Amino acid sequence: MPHVLSPAGETLVALLVALAIDLAFGDPSNRYHPVAWIGRLLAAGTRWLCRGSPAALLSGGAVVTIGVAALAGGTGALVSALAARLGAGGPLLEALALTSLLSFRGLAGAARRAVGYHLVSRPTAGLDEGHVASATIESVAENLTDSVVAPVCFFLAGGLAGAAVYRVINTADSMFGYRTGPLEYFGKTAARVDDLLSFFPARIAGLSLVAGAALAGESARGALATLRRDRCRTESPNAGWTMAAMAGALGVALEKPTHYRLGAGALPTVSDIERSVRVLRAAAAASLVLMVAASLVGRKLLGLSS
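Conventions and cut-offs
- For every chain, the first residue of its written sequence is number 1, and the numbers climb from 1 along that sequence.
- A pLDDT threshold of at least 70 governs which residues receive local features in this predicted model, and a stricter bar of 80 or more applies before side-chain atom pairs are shown or counted, although totals over entire chains, interfaces and linings include all residues.
- Side-chain calculation: all heavy atoms of the structure are included, whereas hydrogens and water are not.
- When two rings of Phe, Tyr or Trp (its six-membered ring) have centres within 6.5 Å they constitute a pair, described as stacked for plane angles under 30 degrees, edge-to-face for angles over 60, and tilted for the intermediate range.
- Relative accessibility under 20% of the residue-type maximum defines a buried residue, over 50% an exposed one, and the middle range a partly exposed one, all with a 1.4 Å probe and only protein chains included.
- The numbering of helices and of strands both runs from the N terminus, where a helix is a DSSP run of H or I of at least 4 residues and a strand a run of E of at least 2.
- Geometrically, a charge over a ring is one whose NZ (Lys) or CZ (Arg) sits within 6 Å of the ring centre while staying within 35 degrees of the ring normal.
- Note on definitions: angles span 0 to 180 degrees between N-to-C directions of axes, and those axes are lines fitted to C-alpha atoms, for helices only across the stretch in contact.
- Here the angle decides the label: under 35 degrees means roughly parallel, over 145 means roughly antiparallel, 65 to 115 means roughly perpendicular, and every other value means oblique.
- Handedness of a crossing is defined here by the sense of rotation of the near helix relative to the far one, left-handed for an anticlockwise turn of less than a right angle and right-handed for a clockwise turn.
- Every residue pair with non-hydrogen atoms within 4.5 Å of one another is taken to be in contact.
- Nonpolar residues are Ala, Val, Leu, Ile, Met, Phe, Trp, Tyr, Cys and Pro. Charged residues are Asp, Glu, Lys and Arg, and all others, Gly as well, are polar.
- For this quantity, the arc is that covered by the directions from the helix axis to the C-beta atoms.
- To count toward a patch, a residue needs a relative accessible area over 30% and no salt bridge; like charges are then connected within 9 Å, while nonpolar side chains (Val, Leu, Ile, Met, Phe, Trp, Tyr) are connected within 5 Å.
- Note on areas: Shrake-Rupley, 1.4 Å probe, and residue coverage restricted to the protein chains presented here.
- Throughout this description, the term salt bridge denotes a Lys or Arg side-chain nitrogen within 4 Å of a carboxyl oxygen of Asp or Glu.
- Put simply, a nonpolar core is a bunch of buried Ala, Val, Leu, Ile, Met, Phe, Trp, Tyr and Cys residues held in one set by side-chain atoms that sit within 4.5 Å of each other.

This part is about the packing of aromatic side chains. Within the structure shown, the criterion is met by 3 aromatic pairs. With a centroid separation of 5.4 Å and an interplanar angle of 10°, the aromatic rings of F154 and Y166 are classed as stacked. Both residues of the pair, F154 and Y166, belong to the buried class. An angle of 70° between the planes, with centres 5.0 Å apart, marks the rings of F176 and F186 as edge-to-face. On the criterion of sequence distance, the pair formed by F176 in helix α7 (residues 129-176) and F186 in helix α8 (residues 183-186) is long-range, its members being 10 residues apart. Judged by its relative accessible area of 2%, F176 falls in the buried class. Residue placement shows R203 over the ring face of F199; its charged tip is 3.7 Å from the ring centre.

Below, the structure is given as structure tokens:
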């Protein structure tokens with residue numbers, strides 16, 4: 001079947017269809033979700049190799065992280081190669097694969113569920129309402145990068161293979177990129193590579209939250225000012241961009257006790273979570289417009305649009 005769209009057009013159609021599927025249906029159950037399969041592979045590798053000396057732990061973590069990322073990237077490349085042979089049906093196949101690698105609809109749902117240790121890297125049993133609300137809003141802001149901006153960015157730049165590799169690295173970082181016990185060494189590769197891959201997406205997401213604040217009727221000026229002042233206060237080189245912008249947009253302080261405090265207001269309340277979701281949705285839309293426009297301009301400048 002002949003192609004009726006340019007490569008840039010096929011990429012854009014695949015992205016739009018993937019977003020539509022995600023918004024309409026959300027994530028599939030874990031039984032069928034590729035990210036759940038990725039998680040099981042990473043967990044199996046952890047059981048096999050997370051032991052021994054610091055050097056063994058470091059090399060084991062690198063083998064697991066890079067090995068699963070290569071497998072996922074290769075699978076993504078194969079799907080893209082198959083899609084290229086399907087002509088007009090190719091973008092639909094890519095869209096079906098891509099929708100499993102991003103989670104726009106799931107972001108808002110996550111904000112309304114209980115916040116647990118694996119989501120925000122801290123136990124919540126001893127937190128008061130303000131700190132629980134803060135942890136939830138921080139996760140919403142940070143996951144704009146992980147679940148929307150970065151996967152779309154890597155899809156536009158490197159196709160399904162790029163998006164799949166990012167998703168593996170980010171999942172590995174969330175599973176074992178901690179500075180506790182043997183994970184201090186085992187998760188170091190995942191943590192450092194995730195920092196590198198998320199560098200530009202986090203900055204796009206942070207600036208998109210400024211635009212999202214304006215679109216959602218919150219404080220764009222506060223988002224920008226807090227972003228500029230507080231973005232470097234977190235241990236992560238990337239998380240502070242989105243969390244500081246969200247704190248300023250809402251006019252609240254986001255705090256992880258003994259680690260950081262972003263923003264100059266009081267701690268948020270539960271009612272502020274819904275405000276953060278509105279900012280998130282607007283920011284996601286703004287970031288998508290920005291990334292698609294940048295991709296089209298870049299393709300045109302490089303002569304890849306035909």
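To continue, consider the packing of helix α10 (residues 199-215) against helix α13 (residues 271-302). The contact between α10 and α13 brings their axes to 7 Å, and the two run at 120°. Classified by the interaxial angle, the pair formed by α10 and α13 is oblique. In this structure, α10 crosses over α13, and the sense of that crossing is right-handed. From α10, I204, S208, L209, A211, G212, A213 and L215 reach across to α13, where they touch V279, A282, A283, A286, S287, L290 and M291. Here the contact of α10 with α13 is composed, by residue class, of 11 nonpolar, 3 polar and no charged.

Every buried residue of helix α11 (residues 220-230) is listed here: G222, A223, T226, L227 and D230. Buried residues along α11 cover an arc of 130° about the axis, so they all sit on one side. The exposed set on the far side of α11, more than 90 degrees from its buried face, consists of R221 and R228. On its buried face, α11 is in contact with α10, α12 (239-250) and β2 (260-262).

The grouping of W48, L49 and V63 at the surface amounts to a nonpolar patch, some 340 Å² of accessible area in total. With respect to the secondary-structure elements, L49 resides in helix α2 (residues 34-49). Since its relative accessible area comes to 34%, L49 is described here as partly exposed.

Of note, V168 is situated in helix α7. The class of V168 is buried, set by a relative accessible area of 0%. Sequence separation of V168 and G39 is 129 residues, and the distance between their C-alpha atoms is 8.2 Å. Once you skip the residues sitting within four places of it in the chain, V168 turns out to touch I38, L42, T65, V68, A69 and A72.

Applying the stated rule across the entire model yields 7 salt bridges. Between R229 and D230 there is a salt bridge; the shortest N-O distance is 2.9 Å. The class for R229 is partly exposed, based on a relative accessible area of 44%. Here R261 and E255 are joined by a salt bridge, their closest N and O atoms 3.3 Å apart. Salt bridges linked by common partners bring E218, D272 and R275 together as one network.

What follows deals with the nonpolar core. Residues L15, L98, L144, F155, F176 and M246 are the most contacted members of the largest nonpolar core, which totals 63 residues. Looking at this core, the element that brings in the most residues is α7, giving 17 residues. Those residues in contact with F155, other than ones at most four positions away along the chain, are T11, A14, L15, E94, L98, L160 and A163.

So, on to unusual backbone geometry. Positive phi values are uncommon outside glycine, yet T258 reaches one of about 70°. Relative to the assigned elements, T258 resides in the loop between β1 (254-256) and β2.

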